[in-house]
Amino acid sequence: MRRTEGHTRYAGGLSPGQPAGRRVHRSPRSLPHGGKLLRVHDVDGFGHLRQADRFEGPQEIGLIRGREAVGHDSIPIIREVQIVPPNVIMKAMVTGALRSAAKVAFRRGGGIRVARWLNRHGLRILTYHHFAGRASLERQCAHIRQCYTPVTMEQTAQAFAGGKPLPAKALAVTVDDGYRDFFEVAYPVFQEFGIPATVFVVTRFLDGGYWLWGDRVKYAFRHTPLERTRLELPDGTVLTHELPDPPARERAATEVKERAKLLCRRDCSTFVDSVAPALGIEIPGSPDGEFQAMSWDEARQAAAGGMEIGAHTVSHPILSSLGSWAEMAEEIAGSKRRIESQLDRPAPHFCYPNGRMRDIGPATAAVRDAGFATAVTTEPGVNRAGADPFLLLRIGVESSYPPAYFEQRAAAVGI
Ligand SMILES: [Zn+2]
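Residue positions within a chain follow its written sequence, with the count starting from 1. Only residues with pLDDT of 70 or above have their local features reported here, since the model is predicted, and side-chain atom pairs are shown and tallied only from 80 upward, although totals for entire chains, interfaces and linings are computed over all residues.

1. Focus on the nonpolar core
Stated precisely, the cut-off is as follows: Any nonpolar core is a set of buried residues, restricted to Ala, Val, Leu, Ile, Met, Phe, Trp, Tyr and Cys, that join up through C-beta atoms within 7 Å. Three exposure classes are used, based on other C-beta atoms lying within 10 Å of a residue's own C-beta, which is placed from the backbone: buried for 20 or more, exposed for 12 or fewer, and partly exposed in between. Throughout, the edges of the domains are those of an automatic or database domain assignment. Here, residues touch in the contact sense if the C-beta positions derived from the backbone fall within 7 Å of one another.
Formed by 92 residues in total, the largest nonpolar core has its most connected members in Phe182, Val199, Val201, Val367 and Ala375. Both domains that meet at this core, namely domain 2 (115-209 + 288-410) and domain 3 (213-278), each give it at least three residues. Residue contacts for Val199: discarding those within four places in its chain leaves Val175, Gly178, Phe182, Ala302, Met307, Ile309 and Gly310.

This is the structure in structure tokens:
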């Protein structure tokens, strides 16, 4: 059985051919804050518990926090679920207020400098997605140059393979998905500052005429003429949203995307396909505006200009939600092949879509099999010597962050 870090652990179905539906029984484990971890079994192959479901355990009733099992068919996945009793929720709110006050004191006392020094031997990997404008990104790049040593994922791979160690205060910049604004806005800035970013591209997205599924949901909510929407999930649950203003539209799209992420691939596709018609709009054949991908030609230019192009699957599915090992292996290996044939250079770095441990499941093995040297997650943290190069932690940032907040996050404080 493979163990992974964090609240999620997987067992069963880690290799092809393992019988479906294998059950592993473990007793509940206590958490430091008084919550409880219970094992939930992938009994029927599609046994989802949803985020807001109430769970009645033998001793306590609480809200289930986190996502639930989506393993099925040949990839049964067993997840741990955190049961949070109401008194713990109250305690967390009080602790949260104290923590905010502590953060201000920390910042004023030069704590970020101290955190940078304490983590000086670790590797920080920043994750960007979109880029709105140059000015703020330029400030961030100036800060990176001043306080860190930019490294490539290639240097990272060599260091983790026992080669030349990374320099002190190493920082790698990564960009997910391959949107066009990377090429138009960020690439010239990264080049100017000598920061070698790695862009993890969804290969079908760069092929053209393909929407990332989350963007279709976002587009539908932004453009619907309706002020009240009603969507039905495959299990019959109805989601309704009032849309009085643009922030409400964004919130609704986010909630619908999060609900869709809980579904298996097939149900997710069917549900996402139903969103635009239910909202009374038609999605354009090709994504435009901020939803546009860069072209392969632009990816080639960026690679020639010192950026690395990594793989982020063929179509951006949540890998643990796929129905078979073969489908998962093809999403992973297929994206590598496509990049290598388009760019005529190796693509040894991989990025898991959505990227939390629960989204990765048994994919780490498929990533190794496909010949990658590193793989990044969206689990937060700084990578120390001896970390698993196929489960590298990252720090999510946005180019629009105010300077103080960006500097704090880059130092891995409060992530
Ligand atoms: Zn992505």
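Here the narrative resumes, following the displayed structure.
2. Describing the packing of helix 3 (residues 134-147) against helix 14 (residues 403-410)
This is how it is decided: Only the contacting stretch of a helix is used when fitting its axis, a line to C-alpha atoms as for every element, and angles between N-to-C directions run 0 to 180 degrees. Helix and strand assignments follow DSSP, with helices taken as H or I runs no shorter than four residues and strands as E runs no shorter than two, numbered in order from the N terminus. The scheme is simple: roughly parallel for angles under 35 degrees, roughly antiparallel for over 145, roughly perpendicular for 65 to 115, oblique for anything else. Should the near helix be turned anticlockwise from the far one by less than a right angle, the crossing is left-handed, and should it be turned clockwise, the crossing is right-handed. Gly is put with the polar residues, along with every residue not named as nonpolar or charged; the nonpolar set is Ala, Val, Leu, Ile, Met, Phe, Trp, Tyr, Cys and Pro, and the charged set is Asp, Glu, Lys and Arg.
Closest axis-to-axis distance for the helix 3/helix 14 pair is 11 Å, and the angle between their directions is 40 degrees. Classified by the angle their axes make, helix 3 and helix 14 are oblique. Remark: the crossing between helix 3 and helix 14 carries right-handed chirality. Facing Arg139, Gln140 and His143 of helix 3, the residues of helix 14 in contact are Pro403, Phe406, Glu407 and Ala410. Split into classes, the residues belonging to the contact of helix 3 with helix 14 amount to three nonpolar, two polar and two charged.

3. Points about the pairing of strand 10 (residues 228-232)
Cut-off, in case you're wondering: At least two DSSP bridges between two strands are required for those strands to pair.
Burial of strand 10 is one-sided: the residues Thr229 and Leu231 facing one way are buried, the residues Arg228, Arg230 and Glu232 facing the other way are not. In the sheet, strand 10 pairs with strand 11 (residues 238-242) via five bridges, with the strands oriented antiparallel. Paired with Arg228 across the bridge in strand 11 is Glu242. Between the antiparallel neighbours strand 10 and strand 11 lie five residues, among them Gly236 with a positive phi of about 95 degrees.

4. A closer look at helix 9 (residues 265-278)
Heads up, the condition is: By this rule the span expected of a helix is its residue count minus one, scaled by 1.5 Å. When we speak of the arc, we mean the arc of directions from the helix axis to the C-beta atoms.
Compared with an ideal rise of 1.5 Å per residue, which puts 14 residues at 20 Å, helix 9 spans 20 Å between its outermost C-alpha atoms and is within 8% of the ideal. Listed as buried for helix 9 are Arg265, Cys268, Phe271 and Val275. Seen along its axis, helix 9 keeps its buried residues to an arc of 125 degrees; they face one direction. Pointing more than 90 degrees away from the buried face of helix 9 are the exposed residues Thr270 and Pro277. In this structure, the buried side of helix 9 is in contact with helix 7 (213-223), strand 10 and helix 8 (246-261). Looking at the residues trailing helix 9, positive phi occurs at Gly280, about 70 degrees.

5. A look at the packing of helix 3 against helix 5 (residues 180-192)
A pair of packed helices is captured by two measures, namely the crossing angle of their axes and the spacing between those axes. Relative orientation of the contacting elements helix 3 and helix 5 amounts to 30 degrees, with a least axis distance of 10 Å. On the basis of the axis angle, helix 3 is roughly parallel to helix 5. Crossing angle aside, the handedness with which helix 3 passes helix 5 is right-handed. Counted together, Arg134, Leu137, Glu138 and Cys141 of helix 3 and Val185, Ala186, Val189 and Phe190 of helix 5 form the full contact between these two elements. Here the residues of the contact of helix 3 with helix 5 are counted per class, giving six nonpolar, no polar and two charged.

6. Some remarks on unusual backbone geometry
Comment: phi is negative for the bulk of residues other than glycine, and the bulk of peptide bonds are trans. With a phi close to 55 degrees, Lys169 is a non-glycine residue in the positive phi region. Position of Lys169 relative to the elements: it lies in the loop between helix 4 (153-160) and strand 8 (170-177). Although it is not a glycine, Asp177 adopts a positive phi angle of roughly 90 degrees. Relative to the helices and strands, Asp177 resides in strand 8.

7. Points about the confidence of the model for the protein chain
What counts, and what does not: The predictor reports its confidence for every residue as pLDDT, a score running from 0 up to 100.
With 74% of its residues at a pLDDT of at least 70, the protein chain reaches an overall mean of 80. Note on residues 1-83: pLDDT under 50 across the span, and 163 contacts to partners over four residues away in sequence or across chains.

8. Quick look at the environment of Leu226
In this fold, Leu226 is placed in the loop between helix 7 and strand 10. On a C-alpha basis, the gap between Leu226 and Glu242 in space is 8.9 Å, while along the polypeptide they are 16 residues apart. Residue contacts for Leu226: discarding those within four places in its chain leaves Leu243, Leu279 and Gly280.

9. With respect to the pairing of strand 8
Put simply, the rule reads: Note on handedness: a clockwise path from strand one over the helix to strand two, with the strands aimed away from the viewer, defines a right-handed crossover.
Most of strand 8 sits out of view: eight of its eight residues are buried. Both strand 6 (residues 123-128) and strand 8 contribute to a ladder of six bridges, which runs parallel. Bridge pairing in strand 8 links Tyr128 to Val175. For strand 7 (residues 149-150) and strand 8, the ladder comprises two bridges, and the chain directions are parallel. Opposite Pro150, over in strand 8, you have Leu171 as the bridge partner. In the classification by handedness, the crossover that spans strand 7, the intervening helix 4 and the parallel strand 8 is right-handed. Bridging between strand 8 and strand 9 (residues 198-201) involves four bridges; their strand directions are parallel. What sits directly across from Thr174, in strand 9, is Thr198. Regarding the hand of the β-α-β motif, the stretch spanning strand 8, helix 5 and strand 9 is right-handed.

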